[in-house]
Amino acid sequence: MLTLIAYEPDKGTCEIENLDTISDLIAQPDTIVWLDGLDPSREEIDFIAEEFGFHPLAIDDYYTPHERPKVDEYPGYYFIVTHALDYTAGTGEVSAKELVLFVGRNYIITLHRQPMEILSRSEQMWRQGLASAGDGIGMLLYQILDSLVDSYFPILDQVDDQLDALEDDVLRSGERSSVERIFRLKRALLFMRRSATPLRDVLNTLSRRDQPLLAEHDIAYLRDVYDHTLRIVDTIDTYRDILTGALDAYLTVISNQLNSIMKTLTVGAIVLATNTVIAGIYGMNFEYMPEIQWRYGYPFALGLMAVTTAGLLYYFKRIKWL
């Protein structure tokens with residue numbers, strides 16, 4: 001499905017139903033055209049390629065899913081691949097929605113296979129901002145990329161909340177589920193970093209002062225989005241370091257628990273071994289053992305075991321093994 005929105009200085013921003021007027025619209029230098037395609041068919045892609053004169057390699061790139069954002073420069077336009085992310089807090093899974101942009105001097109084409117809230121938000125902001133300020137294509141590109149980058153921050157906030165809860169659980173209980181949550185979060189952050197880091201490079205390319213399509217004041221706005229991307233990448237790296245520390249803390253807690261268990265087992269083994277020695281001595285049936293005929297021999301052996309056990313327990317308690 002294709003949606004065409006155009007800004008004309010004398011008419012403002014409005015939706016155009018007749019797609020055959022695209023060529024006339026982009027021929028007017030003061031007109032800004034935004035063509036949005038939600039899961040477009042091959043016929044619609046061929047129509048776009050013919051109307052805008054896109055290179056066949058750029059069209060082939062659209063049909064090839066990309067794991068990393070990128071930007072390719074063609075004569076008169078940019079081909080940009082970005083990703084919008086969705087995060088499921090319950091499972092810790094991050095999924096990506098690919099957004100492809102063609103950016104020319106007075107047009108932007110956005111192609112995506114799934115609905116994207118950021119585009120609806122960008123459209124609303126663009127209608128309001130462009131109709132009042134009359135800015136060019138760079139402002140629309142800024143609003144789309146800014147909405148895309150800003151959508152990463154709520155995900156990072158959710159990860160931050162889970163990190164706080166995870167650190168408390170690790171230090172308090174050291175349950176096995178904690179390490180599973182650590183690895184789920186590390187996998188989610190790695191997925192986010194694979195999208196955010198190349199996006200940073202894309203924005204760095206677009207904000208170069210020697211690129212021909214965008215005005216000087218547009219570059220300042222894109223630099224702001226670039227700074228946001230830097231902050232996202234730094235935050236992701238910080239969270240990954242925190243998770244590494246949480247994993248080390250988990251292993252330390254488990255090691256301490258294991259040491260405590262080993263100490264307890266060692267104390268029990270020593271106590272039992274001592275009592276076994278006493279029982280073994282008095283269990284020997286030699287004829288000339290003095291205590292064999294003693295009336296109080298059995299209570300004495302039991303008492304000796306009890307006294308020895310109490311003494312050992314007292315000693316281990318003093319050296320904090322118990």
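Scroll up a little and you will see the structure.
We now examine the pairing of strand β6 (residues 93-104). Sheet analysis places strand β5 (residues 77-88) next to β6, joined by 12 bridges and oriented antiparallel. Bridging across to β6, Y78 finds its partner in V103. Between β6 and strand β7 (residues 107-112), which pair antiparallel in sequence order, lie 2 residues.

Taken together, V277, I281, Y282, M284, F286, W294, Y296 and F300 make up a surface patch of nonpolar side chains, about 800 Å² in accessible area. No other element matches the 3 residues that helix α8 (residues 216-282) contributes to the nonpolar patch.

The next thing to look at is the packing of aromatic side chains. Taken as a whole and judged by the stated rule, the model has 12 aromatic pairs. Judged by centre distance (5.4 Å) and plane angle (65°), the ring pair of Y62 and Y63 falls under edge-to-face. For Y62, a relative accessible area of 3% corresponds to the buried category. Following the ring pairs from residue to residue traces out a cluster consisting of F52, F54, Y74, Y77, F79, F102 and Y107. The lysine or arginine in question, R42, covers the ring of Y63, its NZ or CZ lying 4.1 Å from the ring centre.

Residues D157, D161, D164, E167 and D168 make up a contiguous surface patch of negative charge. Along the chain, the position of D164 falls in helix α6 (residues 152-172).

Pairing is mixed in the open sheet, where 7 strands are placed in the order β2-β1-β3-β7-β6-β5-β4. On the outer flanks of this sheet lie β2 (12-16) and β4 (70-74), each paired with one strand and no other. The average angle at which neighbouring strand axes cross in this sheet is 20°, direction not considered. In this structure, β6 lies alongside β7, joined through 5 bridges in antiparallel fashion. Note that in β7 the partner of V103 across the bridge is I108. Packing against the sheet, helix α3 (residues 56-63) makes contact with β4, β5, β6 and β7, and its axis sits at approximately 160° to β4. Helix α5 (residues 137-150) rests against β3 (32-38), β5, β6 and β7 of the sheet, and its axis sits at about 30° to β7.

Before going further, it helps to spend a moment on the environment of Y226. Relative to the assigned elements, Y226 resides in helix α8. For the pair Y226 and L199, spaced 27 residues apart in the sequence, the C-alpha separation amounts to 8.6 Å. When sequence neighbours within four positions are dropped, the list of residues in contact with Y226 reads R200, L203 and N204.

Before going further, it helps to spend a moment on unusual backbone geometry. With a phi angle near 45°, D39 is a residue other than glycine that sits in the positive phi range. Here D39 shows up in the loop between β3 and α2 (42-52).

Judged by how many residues are buried, β5 sits mostly within the fold: 10 of 12 residues are covered. Pairing between β4 and β5: 5 bridges, direction antiparallel. Bridging across to β5, E73 finds its partner in Y78. Between the end of β4 and the start of β5, which pair antiparallel, lie 2 residues, with G76 showing a positive phi angle near 90°. Between β5 and β6, which pair antiparallel one after the other, the connecting turn spans 4 residues, and G92 there sits at a positive phi close to 75°.

Rules behind the numbers
- Residues numbered from 1 in each chain as written.
- Predicted model: local features only at pLDDT ≥ 70, side-chain atom pairs only at ≥ 80, totals over all residues.
- Heavy atoms only, no water.
- Pairing = 2+ DSSP bridges.
- Helix = DSSP H or I, 4+ residues; strand = E, 2+ residues; numbered from the N terminus.
- Patch = residues over 30% accessible without salt bridge, like charges linked within 9 Å, V, L, I, M, F, W, Y side chains within 5 Å.
- Areas by Shrake-Rupley, 256 points an atom, 1.4 Å probe, with all protein chains shown as cover.
- Salt bridge = Lys/Arg side-chain N within 4 Å of Asp/Glu carboxyl O.
- Phe/Tyr/Trp six-rings, centres within 6.5 Å; stacked < 30°, edge-to-face > 60°.
- Buried < 20%, exposed > 50% of the residue type's maximum accessible area, 1.4 Å probe, protein only.
- Lys NZ or Arg CZ within 6 Å of the ring centre and 35° of its normal.
- Lys, Arg positive; Asp, Glu negative; His and termini not counted.
- Charge placed at Lys NZ, Arg CZ, Asp CG, Glu CD.
- Axes fitted to C-alpha atoms, helices over the stretch in contact; angles between N-to-C directions.
- Contact = heavy atoms within 4.5 Å.

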